[in-house]
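Breakdown of the fold
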Amino acid sequence: MNRFEGKTVLVTGGNSGIGLAAAQAFAREGARVVITGRDAAALETARATLGTVGGNAAIAIRNETGTVAAARELTRQLQEAGVRLDAVFINAGMARFAALPDVDEALWDATFNANVKGAFFQVQALLPILNKGTSIVLNGSINAHIGMPNSSVYAASKAALISLAKTLSGELIGAGIRVNVVSPGPVATPLYGKLGLDADTLAATAAQIQGQVPLGRFGTPDEIASTVLHLSAPESAFIVGTEIVADGGMSQL
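Here we summarise the structure given alongside this text. These figures come from a predicted structure and were not determined experimentally. (Residues numbered from 1 in each chain as written. Predicted model: local features only at pLDDT ≥ 70, side-chain atom pairs only at ≥ 80, totals over all residues. Heavy atoms only, no water.)

1. Some thoughts on the overall build of the protein chain
Scanning the protein chain for helices and strands turns up eight helices and seven strands. Taking 2.2 N^0.38 as the reference for a compact globule, 253 residues should give roughly 18 Å; the C-alpha atoms of the protein chain span a radius of gyration of 17 Å, in line with that estimate. Oriented by its inertia axes, the alpha-carbon framework of the protein chain measures out at about 50 × 40 × 35 Å. Counting all 253 residues of the protein chain, 49% fall into the buried class. Surface exposure of the protein chain reaches about 11300 Å², of which carbon and sulfur atoms provide 54%. (Helix = DSSP H or I, 4+ residues; strand = E, 2+ residues; numbered from the N terminus. Rg over C-alpha atoms; globule rule 2.2 N^0.38 Å. Buried < 20%, exposed > 50% of the residue type's maximum accessible area, 1.4 Å probe, protein only. Areas by Shrake-Rupley, 256 points an atom, 1.4 Å probe, with all protein chains shown as cover.)

Structural data, given as structure tokens:
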């Protein structure tokens, strides 16, 4: 299928994990893909990979989410390149777990800047270059629903994104733009190595989480990417302000 032939798609945080899997999936469907990320080397590797996947020349832009200036700078660079967008996957963010007594203001601010402020102001900045019919997908998390210990700040930031999908959809629907959320459960990505936990704690946490998944395994980035594509494609045009949970039944059963 070529559901995105002739379309241009932006994936923030598209140089690894779920973001890269989504970018590759869009490229296979014919899209011209723009990816962003913080790591210049990883971005270049991802850009080269995307060219071999879909045949279209991908664009890679180094950009760190979390500030209004970064959001506006990304849009400026896209405008200079003559880019207009048909789909956006706001995937860039951060995950740091800490027990309540250990949470400090720096952790709170870094998490909400990356996951909420960055997402909100990126959507705002992109408005002038969104084509009518654009689909925006926000990357949420089941942590917004399950009350996992040590995840309070991260979970709250993802709950905010779920709310944004509804309010932004209500505001943008007149312009033909819809916003939805994909909320993954535990997925095998490099993100798990960035939770701020030592190796033994990380292994124990991963085992504990996996034991709570009815399917008995972590998900794959490709499985989440397929949901992102569905929400971005014309086939889902009647889905607005909605969250799709892809978690192996962890929050459902």
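Having seen it, we continue.
2. Some points on the sheet that holds strand 1 (residues 8-11)
The parallel open sheet is built from seven strands, whose spatial order is 3-2-1-4-5-6-7. Both outer strands of the open sheet, strand 3 (59-62) and strand 7 (243-246), are each paired with one neighbouring strand and no more. The mean inter-strand angle of the sheet, taken between neighbouring strand axes irrespective of direction, is 15°. Where strand 2 (residues 32-37) meets strand 3, four bridges bridge the pair, whose relative direction is parallel. Within strand 3, the residue paired with Thr36 across the bridge is Ile61. Across the sheet, helix 2 (residues 40-54) lies against strand 2 and strand 3, angled at about 165° from strand 2, the strand it touches most. Where helix 4 (residues 105-126) meets the sheet, its contacts fall on strand 1, strand 4 (85-90) and strand 5 (130-139), and the angle it forms with strand 4 comes to roughly 170°. (Pairing = 2+ DSSP bridges. Axes fitted to C-alpha atoms, helices over the stretch in contact; angles between N-to-C directions. Contact = heavy atoms within 4.5 Å.)

3. Examining the pattern of salt bridges
Think of it this way: side chains of opposite charge can pair up when their charged atoms draw near. For the structure on display, the rule yields seven salt bridges. Residue Arg3 is joined to Glu235 by a salt bridge in which the shortest nitrogen-to-oxygen separation is 2.9 Å. Remark: Glu235 occurs in the loop between helix 8 (221-232) and strand 7 and Arg3 occurs in the segment before strand 1; sequence separation between them is 232 residues. Ionic pairing is found between Arg38 and Glu64, a salt bridge with its closest N-O pair at 3.9 Å. Of the two residues, Arg38 sits in the loop between strand 2 and helix 2 while Glu64 sits in the loop between strand 3 and helix 3 (68-80), which places them 26 residues apart along the sequence. Among the charged side chains, a salt-bridge network with shared partners connects Arg3, Glu29 and Glu235. (Salt bridge = Lys/Arg side-chain N within 4 Å of Asp/Glu carboxyl O.)

So yeah, pure geometry; function would need other evidence.
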